[in-house]
Amino acid sequence: MNSEFKYADYLDIDEDFQAVFNEEVDRINKNLWKTFIPHEKFIELLNTVIKALQREKPEYSMSIWLHGAYGTGKSHAVFVLKHLLEDPDDEVEEYLKKFSNLFGDTLVKKLMSLRKQGVLVVFRSSAGHIDNALKLLLEVQQSIYDAYRKLSPDFQPTPTLVQNLLKRLNDVTINWDKIIEKHKDKLFDVSTTEDIRLRLERSDIEFVTRFLDVLVEEGIVPIKFADVTELKDWIKEILSQGRISKILFIWDEFSDFFRTDAPIATLQELVHLTKETPFYLLLVTHRRPEHWSETLKEDGKKLIDRFHTIYYTMEPVTVYKLISQLIRPKPGSEYKWEIIHGDIRLKASKFGFEEEIYRILEKEKYTNVEIKDLKSVLPIHPYTAFLASRIAEHFGSMNRTIFKFLKEEDGFIKFLKEYPQEKEFLLTADFLWDFFFVKNEDVLFSDPGLSSLMSLWREYESKLEANELKIFKIIMILFAIRRRGLSEAGLLSPSLMTLRVALSGTVLYSEMEKIL
């Protein structure tokens, strides 16, 4: 292929694409959630939430625990769920209609019915700071209060503990300056009553707990949350006012909560609330609940049994469609790119491309993947996209996801700037080895057993020629997958057939048997 141009001359990544989806991204890009491509796992999540909140059967009335690897789209998914439950009817209906073949009439009717019942959706992210029961209860109460006020600014819910503390600051019979001075060890970050007021108004839970300790010590606040009962009564008061009938509390990035000092018993009580009150937690973690068996100990099974658990993965069809939507011709280059895209297919067809990628189609026959989806990801090889979803699911980390591979300078952007070259014009699976393994500092931490593979890599890296190295990298990925017990007969097994699929469409396709 002509190597006088580079793909970067004609292709770009959608500038609106966000490698990490979070609350700020959602706030700034109000319609970005509508670009989410629903798939089987998202439908499972939506179905589970609807069943739980509708409380049609006692066994449905449980909180939800969503878990999956970094970069599988969990955060994006829960924000889409949030929008589907609280956005205006016309926007929600537009999105549902766009993917009507996936949602189906029955699910859509159930969702629209649930929306009419008044669901308050609360969102929090990160739980690493929760190291005692009081912080957990305060975080839940204040987050519900803040979300409720946004829903209806003129509708005053029952005051929270923080609001009551703000009122107490107005008590002129208390010498606040003296208290601040006396308890500098705990109130080290405030100097005046106004400082305290500002911290309380910001709902700084860490400060609130220290401030409460001081007040209890001074005998000013005789009681504080001792258990969940007071919070339960407070939630019931809000629900009784009739503005809302259910509360869904989404807590993203909850993994860091599970430490040895975590208030597990209080979390148990919160989850138990769901049985008697329409208050639901939706926890989101990047590890399976069983991962914390050491931390949870004997309470672990009891806690997990109180949740609907959903293992969230990025379906391959989502990867193909995501890539095809994100890679776009630069303005004015559409016609030229269409010609180049045709040249890629023609060139690849000379090296078994058409025949071999049908093996991927056979593998994905139950996932609504079509041949046009596989070809739409070019110049990324379809097998590379197929493999990337498996790698990200089991070896990805916070800094190494499919989204970041597409966006980072040492990932797809680097390929666009350096290719095509004289004999290489497809992004083949060997590129994934560098990004997800060699440059991924977290991979050995997550799986120390990979150290032998990495040692083997370092031993042969400088001894192999370029073509040998490409094959070796793919083999290394496949053996890493086998180490995790994920290998299977077919396209994840380290076999000649897999290599033929992975390198189809390239010159190496006809040379690999000689090299091996």
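For clarity, every value in this text was computed on a predicted model and none was experimentally measured.

*Asks:* Is there a simple way to think about the overall build of the chain in this case?
*Replies:* Looking only at helices and strands, the chain has 27 helices and 7 strands in total. Each of the three principal axes of the chain carries a C-alpha extent, and together these read 90 × 50 × 45 Å. Looking at the 516 residues of the chain, the share that counts as buried comes to 55%. Taking as baseline every contact in the chain between residues at least 6 positions apart, the subset at least 24 positions apart corresponds to 76%. Taken as a whole, the chain presents about 23,600 Å² of accessible surface, with 48% of it coming from carbon and sulfur.

*Asks:* How do you make sense of the pattern of salt bridges when you look at a structure like this?
*Replies:* Any two side chains of opposite charge can pair, on the condition that their charged atoms come close. Within this structure, the stated rule accounts for 29 salt bridges. For K34, the salt bridge goes to E91, with nearest N and O atoms at 3.3 Å. One end of the pair, K34, is in the loop between α1 (23-28) and α2 (40-54); the other, E91, is in helix α4 (residues 89-98), with 57 residues separating them in the sequence. Exposure remark for E91: the relative accessible area of 24% places this residue in the partly exposed category.

*Asks:* Could you clarify how one ought to interpret the packing of helix α22 (residues 430-438) against helix α25 (residues 466-483) in this entry?
*Replies:* Helix packing geometry: the angle between the two helix axes and the distance between the axes. At a minimum axis separation of 7 Å, α22 and α25 run at an interaxial angle of 60°. The pairing of α22 with α25 is recorded here as oblique in orientation. Here α22 runs over α25; the crossing is left-handed. Side by side, α22 and α25 meet where D430, F431, L432, W433, D434 and F437 of the first sit next to K470, K473, I474, M476, I477 and A480 of the second. Here the residues of the contact of α22 with α25 sort into 8 nonpolar, no polar and 4 charged.

*Asks:* Quick question: what am I supposed to make of the nonpolar core here?
*Replies:* If you look at soluble globular proteins, the nonpolar side chains tend to sit buried side by side. Within the largest apolar cluster, 80 residues are counted, with the highest numbers of intra-cluster contacts made by Y7, I360, Y383, L387, L406, F412 and F437. For this core, the element with the highest residue contribution is α25, accounting for 9 residues. Leave out the neighbours within four places in its chain, and F412 touches I13, I327, I380, F405, L406 and L427. Among the nonpolar cores identified, the runner-up in size contains 41 residues, and F21, L45, L46 and Y95 belong to it.

*Asks:* Any chance you could explain the packing of aromatic side chains here in plain terms?
*Replies:* The geometry of an aromatic ring pair is captured by two quantities: the separation of the ring centres and the angle between the planes. Taken as a whole and assessed by the stated rule, the structure comprises 32 aromatic pairs. Ring centres of F257 and F258 lie 5.3 Å apart, and the angle between their planes is 90°; this geometry places the pair in the edge-to-face category. For the residue pair F257 and F258, the accessibility class agrees, reading buried in each case. Where W457 meets F472, the ring centres are 6.2 Å apart and the plane angle is 15°; that geometry is what we call stacked. Placement of W457 in helix α24 (residues 451-460) and of F472 in helix α25 is noted, with a sequence separation of 15 residues between them.

*Asks:* Explanation requested: helix α7 (residues 161-168) in the structure shown.
*Replies:* Since the α-helix advances by 3.6 residues per turn, residues separated by three or four positions end up pointing in the same direction. Listing the buried residues of α7 in full gives L161, V162, Q163, L165 and L166. Buried residues belonging to α7 abut α6 (133-151), α9 (193-201) and α10 (205-218).

*Asks:* Would you take a moment to explain the pairing of strand β5 (residues 279-285) for this structure?
*Replies:* Regular strands show a simple pattern: their side chains alternate between the two faces of the sheet. Taken across its 7 residues, β5 has 7 buried, putting it largely inside the fold. Alignment of strand β2 (residues 63-67) against β5, held across 4 bridges, turns out to be parallel. In the strand pairing of β5, I64 is matched with L282. In this structure, strand β4 (residues 246-252) lies alongside β5, joined through 5 bridges in parallel fashion. Among the inter-strand pairings, F249 is bridged to a residue of β5, identified as L281. Read from β4 through helix α12 (residues 264-272) to β5, the crossover connection turns out right-handed.

*Asks:* I tried to follow a negative patch on the surface on my own but got confused; where do I start?
*Replies:* On the surface, D227, E230, D233, E237 and E269 cluster together to form a negatively charged patch. The greatest single-element share of the negative patch, amounting to 3 residues, is contributed by helix α11 (residues 229-240). Within the secondary structure layout, E269 lies in helix α12.

*Asks:* Would you mind going over the pairing of strand β3 (residues 119-125) with me for this structure?
*Replies:* With 5 of its 7 residues buried, β3 lies for the most part within the structure. In this structure, β3 lies alongside β4, joined through 7 bridges in parallel fashion. The partner of V119 across the bridge, within β4, is K246.

*Asks:* Whenever I open this one, the packing of helix α17 (residues 353-363) against helix α19 (residues 382-395) confuses me. Can you help?
*Replies:* Where α17 meets α19, the axes come as close as 10 Å, and the angle between the chain directions of the two elements is 30°. When the interaxial angle is binned, α17 and α19 end up roughly parallel. For the element pair α17 and α19, the recorded crossing hand is left-handed. Contacts between α17 and α19 involve F353, I357, I360 and K363 from the former and P382, Y383, F386 and R390 from the latter. Partitioned by chemical class, the residues of the contact of α17 with α19 number 6 nonpolar, no polar and 2 charged.

*Asks:* I'm lost on the sheet that holds strand β6 (residues 307-311) in this one. Help?
*Replies:* Either a parallel or an antiparallel arrangement is found when strands of a sheet pair, and the pairing is made through backbone hydrogen bonds. Spatially, β3-β4-β5-β2-β6 is the arrangement adopted by the 5 strands of the open sheet, whose pairing is parallel. Looking at the sheet topology across the chains shown, the edges are occupied by β3 and β6. Strand after strand, the sheet turns through a mean of 15° between neighbouring axes, direction not considered. Pairing of β2 with β6 involves 5 bridges; the strand directions are parallel. Residue pairing in the sheet places L66 in a bridge with I310 of β6. Here α6 sits on the sheet in contact with β3, β4 and β5, set at roughly 130° to β3. Sitting on the sheet, α12 touches β2, β5 and β6, and the angle it makes with β5 is about 130°.

*Asks:* How do you make sense of unusual backbone geometry when you look at a structure like this?
*Replies:* Glycine aside, the phi torsion of most residues is negative, and most peptide linkages are trans. Residue P379 is bonded to the preceding L378 through a cis peptide linkage, with omega at 15°. Within the fold, P379 resides in the loop between α18 (371-376) and α19. That bond from Y419 to P420 is cis: its omega, 10°, falls within 30 degrees of zero. By secondary structure assignment, the location of P420 is in the loop between α21 (412-418) and α22. Positive phi, normally seen in glycine, also occurs at S126, with a value near 80°. Here S126 shows up in the loop between β3 and α6. Under the relative-accessibility criterion, S126 is labelled partly exposed at 34%. The residue S203 is not glycine, and still its phi comes out positive at about 55°. The exposure class assigned to S203 is buried, which follows from its relative accessible area of 17%.

Thresholds, definitions, all that
- Residues numbered from 1 in each chain as written.
- Predicted model: local features only at pLDDT ≥ 70, side-chain atom pairs only at ≥ 80, totals over all residues.
- Heavy atoms only, no water.
- Helix = DSSP H or I, 4+ residues; strand = E, 2+ residues; numbered from the N terminus.
- Buried < 20%, exposed > 50% of the residue type's maximum accessible area, 1.4 Å probe, protein only.
- Contact = heavy atoms within 4.5 Å.
- Areas by Shrake-Rupley, 256 points an atom, 1.4 Å probe, with all protein chains shown as cover.
- Salt bridge = Lys/Arg side-chain N within 4 Å of Asp/Glu carboxyl O.
- Axes fitted to C-alpha atoms, helices over the stretch in contact; angles between N-to-C directions.
- Parallel < 35°, antiparallel > 145°, perpendicular 65-115°, else oblique.
- Left-handed = near helix turned anticlockwise from the far one by under 90°.
- Nonpolar A, V, L, I, M, F, W, Y, C, P; charged D, E, K, R; others polar.
- Core = buried A, V, L, I, M, F, W, Y, C linked by side-chain atoms within 4.5 Å.
- Phe/Tyr/Trp six-rings, centres within 6.5 Å; stacked < 30°, edge-to-face > 60°.
- Pairing = 2+ DSSP bridges.
- Right-handed = clockwise from strand over helix to strand, strands pointing away.
- Patch = residues over 30% accessible without salt bridge, like charges linked within 9 Å, V, L, I, M, F, W, Y side chains within 5 Å.
- Lys, Arg positive; Asp, Glu negative; His and termini not counted.
- Charge placed at Lys NZ, Arg CZ, Asp CG, Glu CD.

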